[in-house]
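# Geometric and topological summary
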Amino acid sequence: MAAIFCCCLRCCGDGGSGHIPLKEMPAVQLDTQRMGTDVVIVKSGRRICGTGACLANAPLHQNKSYFEFKIQSTGVWGIGVATQKANLNQIPLGRDVHSLVLRHDGSVYHNNEEKNRLPANSIPQEGDIVGVTYDHVELNLYLNGKNMHCPASGIRGTVFPVVYVDDSAILDCQFSDFYHTPPQGFEKILFEQQIF
């Protein structure tokens, strides 16, 4: 009986050698391994400046994703979704099948075609928050929490949030702790969990 008791103490009693720590899920942020050569990422992977594009470090696997961008400084910029095949050095994005983006002028481009356009009085300015929803079919845009009714679609495959900047633009990415409540049914990007 004493042998069984000692075995139990060694395996789980003291939390020592038998303890397996839980692995913490990484935070969704801009991915410094997948960015243009002249891009600068600061603020713990949340701010982009320089010239070029950057993908987030998590693909949009869930059915309804939401994320935001705050325009800290205007210039040339774009936000949306892209595949890993997007050329992150060639901006503006939206020129090929690998990206679907809202550009700073209010146009939404995919495959070098304007898919939609924000209303003329709703072009994002410095300090504005642009929200993006994506449901694997359609991308929708929100300006300071208000639906812009500007849907766009056409991109295929596994996509990631993408942002590009040029001409002194600075954007902050918000992948959680949002400025505005996500639309009903949409939530922050979740890393795909794998169980072995």
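Scroll up for the structure.
The structure contained in this document is the topic of the report that follows. No experiment lies behind these values; they were computed from the predicted model shown.

So, on to the overall build of the chain. A count of helices and strands for the chain gives 1 helix and 14 strands. Per-residue burial over the chain gives 43% buried out of 196 residues. For the chain, contacts bridging at least 24 residues in sequence account for 65% of all contacts bridging at least 6. Of the roughly 10,700 Å² of accessible surface on the chain, 50% is carried by carbon and sulfur atoms.

Our next topic: the pairing of strand β4 (residues 65–73). Direction of pairing for β4 relative to strand β9 (residues 129–134): antiparallel, over a ladder of 6 bridges. The residue bridging Tyr-66 from the neighbouring strand is Thr-133, located in β9. With 5 bridges connecting them, β4 and strand β14 (residues 170–174) associate as antiparallel partners. Residue pairing in the sheet places Lys-70 in a bridge with Asp-172 of β14.

Of all 10 residues making up strand β3 (residues 47–56), 8 are buried, and the element is well covered by its neighbours. Bridge count for strand β1 (residues 30–35) against β3 is 2 bridges, and the pairing is antiparallel. Paired with Met-35 across the strands is Cys-54, a residue of β3. Note: strand β2 (residues 38–42) against β3, 5 bridges, orientation antiparallel. Within the sheet, the bridge partner assigned to Ile-41 lies in β3 and is Ile-48. The loop that links β2 with its antiparallel partner β3 comprises 4 residues; one of these, Lys-43, has a positive phi angle of about 55 degrees. As paired elements, β3 and β14 share 2 bridges and run antiparallel to each other. Looking across to β14, one finds that Ile-48 is bridged to Leu-171. Judged from the 4 bridges that link them, β3 and strand β13 (residues 160–166) form a sheet pairing that is antiparallel. Note that in β13 the partner of Cys-54 across the bridge is Val-163.

Moving on: the nonpolar core. With 37 residues, the main nonpolar core has Ile-48, Ile-79, Val-81, Leu-141 and Leu-171 as its most contacted residues. Dropping the residues within four chain positions of it, Leu-171 is found in contact with Arg-46, Arg-47, Ile-48, Phe-69, Lys-70, Ile-71, Gln-72, Trp-77, Ile-79, Val-163 and Val-165. In this structure, Leu-88, Ile-91, Leu-93 and Phe-160 belong to the second largest nonpolar core, which totals 11 residues.

What follows concerns the packing of aromatic side chains. Taken as a whole, this structure holds 3 aromatic pairs when the rule is applied. Each ring, one from Tyr-66 and one from Phe-178, has its centre 4.8 Å from the other, and the planes form 80 degrees; the classification is edge-to-face. Residue Tyr-66 is found in strand β4, and its partner Phe-178 is found in the segment after β14; the two are separated by 112 residues along the sequence. A relative accessible area of 2% places Tyr-66 in the buried class. Between Phe-67 and Phe-69, the aromatic rings sit 5.8 Å apart at their centres with planes inclined by 85 degrees, giving edge-to-face as the arrangement. Each member of the pair, Phe-67 as well as Phe-69, is classed as buried. Counting every residue linked through ring pairs, the aromatic cluster contains Phe-67, Phe-69 and Phe-175.

Each value, and the rule that gives it
Residues numbered from 1 in each chain as written. Predicted model: local features only at pLDDT ≥ 70, side-chain atom pairs only at ≥ 80, totals over all residues. Heavy atoms only, no water. Helix = DSSP H or I, 4+ residues; strand = E, 2+ residues; numbered from the N terminus. Buried < 20%, exposed > 50% of the residue type's maximum accessible area, 1.4 Å probe, protein only. Contact = heavy atoms within 4.5 Å. Areas by Shrake-Rupley, 256 points an atom, 1.4 Å probe, with all protein chains shown as cover. Pairing = 2+ DSSP bridges. Core = buried A, V, L, I, M, F, W, Y, C linked by side-chain atoms within 4.5 Å. Phe/Tyr/Trp six-rings, centres within 6.5 Å; stacked < 30°, edge-to-face > 60°.

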